[in-house]
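Overview (structure and organization)
Each chain is listed here by its residues.
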Amino acid sequence: MNTNSAFDDFVDLLDYPMFVVTVQADGRMGGCLVGFATQASIDPPTFLVGLSRQNHTTTIARTATHLAVHLVPRQQLALAELFGGETGDAVDKLARCDWQPGPEGAPILQSAMAWFVGKIVQRFEMGDHAGHLLMPVGGSTSDAESRPVFFADVKDLNPGHGP
Ligand SMILES: Cc1cc2nc3c(=O)[nH]c(=O)nc-3n(C[C@H](O)[C@H](O)[C@H](O)COP(=O)(O)O)c2cc1C
């Protein structure tokens, strides 16, 4: 079997939680839906976020010191669709939802079930995505019971920004 098609078959089997990642820097704010994200180590605690190079969010993240990572409950699917289906190049997504400034000024979404803010401790190449390694500096969980939005819930959503 061709290696790439074996890999495609492999990733087709995956389902995983989705995150809304927000950022502020230099008086600009934004955020997008992210699937390429995972806890990366326990000691020290780190979390890896892959941001598509073309995204409005990524252009802000270039000079940001921190990112906010949110888990969105399934009943707030529309919030995930807003952040994944629209681009900040055309739409002020934060004007369309409730949020407040959190640690280091990162926008914290009110409808999130849990969130943390992480300091960007490393940036690195990941092909068409830029790796951001985060170390948590604060966070909160308001709802540990709801099921978060998963990839399967949004796999048919057209990304708001091209790759
Ligand atoms: C299912 C799904 C998964 C996505 N995963 C990522 C991701 O891991 N990283 C990323 O930067 N964008 C990802 N996107 C795309 C962005 O969320 C989308 O293009 C968004 O509109 C970009 O907004 P922005 O231009 O305001 O940053 C995903 C979109 C969808 C629908």
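Provided above is the structure to which this section pertains.
Read on for an overview of the structure. (Residues numbered from 1 in each chain as written. Predicted model: local features only at pLDDT ≥ 70, side-chain atom pairs only at ≥ 80, totals over all residues. Heavy atoms only, no water.)

What about the packing of aromatic side chains?
Going through the model one piece at a time under the given rule, you end up with three aromatic pairs. Ring centres of Phe47 and Phe116 lie 5.2 Å apart, and the angle between their planes is 75°; this geometry places the pair in the edge-to-face category. Taken together, the positions of Phe47 in strand β4 (residues 46-52) and Phe116 in strand β8 (residues 114-126) put the pair 69 residues apart, joining distant regions of the chain. Of the two residues examined, Phe47 and Phe116, each falls in the buried class. In textbook terms, an aromatic cluster arises when at least three aromatic residues are bridged by ring pairs, as seen for Phe19, Phe47 and Phe116. (Phe/Tyr/Trp six-rings, centres within 6.5 Å; stacked < 30°, edge-to-face > 60°. Helix = DSSP H or I, 4+ residues; strand = E, 2+ residues; numbered from the N terminus. Buried < 20%, exposed > 50% of the residue type's maximum accessible area, 1.4 Å probe, protein only.)

Observations concerning the pairing of strand β9 (residues 129-141)
The pairing of β4 with β9 spans six bridges and is antiparallel. When the sheet's bridge partners are listed, Gly50 is paired in β9 with Gly131. Pairing of β8 with β9, which is carried by twelve bridges, proceeds in the antiparallel orientation. What sits directly across from Lys119, in β9, is Met135. Between β8 and the antiparallel strand that follows it, β9, lie two residues; Gly127 among them carries a positive phi value of about 65°. (Pairing = 2+ DSSP bridges.)

Concerning the sheet that holds β4
Strand pairing in a sheet relies on backbone hydrogen bonds. The paired strands run either parallel or antiparallel. Ordered in space as β2-β1-β5-β8-β9-β4-β3, the seven strands form an open sheet in which the pairing is antiparallel. The sheet terminates laterally at β2 (28-34) and β3 (37-41), the two strands that pair on one side only. The average undirected angle you get between the axes of adjacent strands in this sheet is 35°. As judged from the six bridges shared by strand β5 (residues 66-71) and β8, these two strands associate in the antiparallel manner. Residue Leu67 lies in a different strand from β8, and its bridge partner there is Gly118. (Axes fitted to C-alpha atoms, helices over the stretch in contact; angles between N-to-C directions.)

Here's the deal with the site of the ligand
In the vicinity of the ligand, 26 residues are found, and the nearest of them are Ser52, Thr57, Glu86, Thr87 and Gly88. Between the ligand and Asn55, the relevant distance is 2.9 Å, taken from an oxygen atom to a side-chain nitrogen or oxygen of the residue. In isolation the ligand has 650 Å² of accessible area, and contact with the protein removes 94% of it. Judged by the fraction of its atoms near the pocket grid, the ligand is located in the largest pocket. Where the shell around the ligand is concerned, the elements lending two or more residues are β2, β4, α2 (56-61), α3 (77-85) and α4 (151-154). A per-element tally of the shell around the ligand places β2 first, with four residues. Looking at the shell around the ligand residue by residue, the class counts come to eleven nonpolar, 13 polar and two charged. (Near = heavy atom within 4 Å. Polar contact = N/O pair within 3.5 Å; in protein donor to acceptor, adjacent residues only side chain to side chain. Areas by Shrake-Rupley, 256 points an atom, 1.4 Å probe, with all protein chains shown as cover. 1 Å grid on protein atoms, 1.4 Å probe; cavity = no way out; pocket = protein on both sides within 12 Å on 5 of 7 lines; lining within 4 Å. Sits in = over half its atoms within 2 Å of the grid points. Nonpolar A, V, L, I, M, F, W, Y, C, P; charged D, E, K, R; others polar.)

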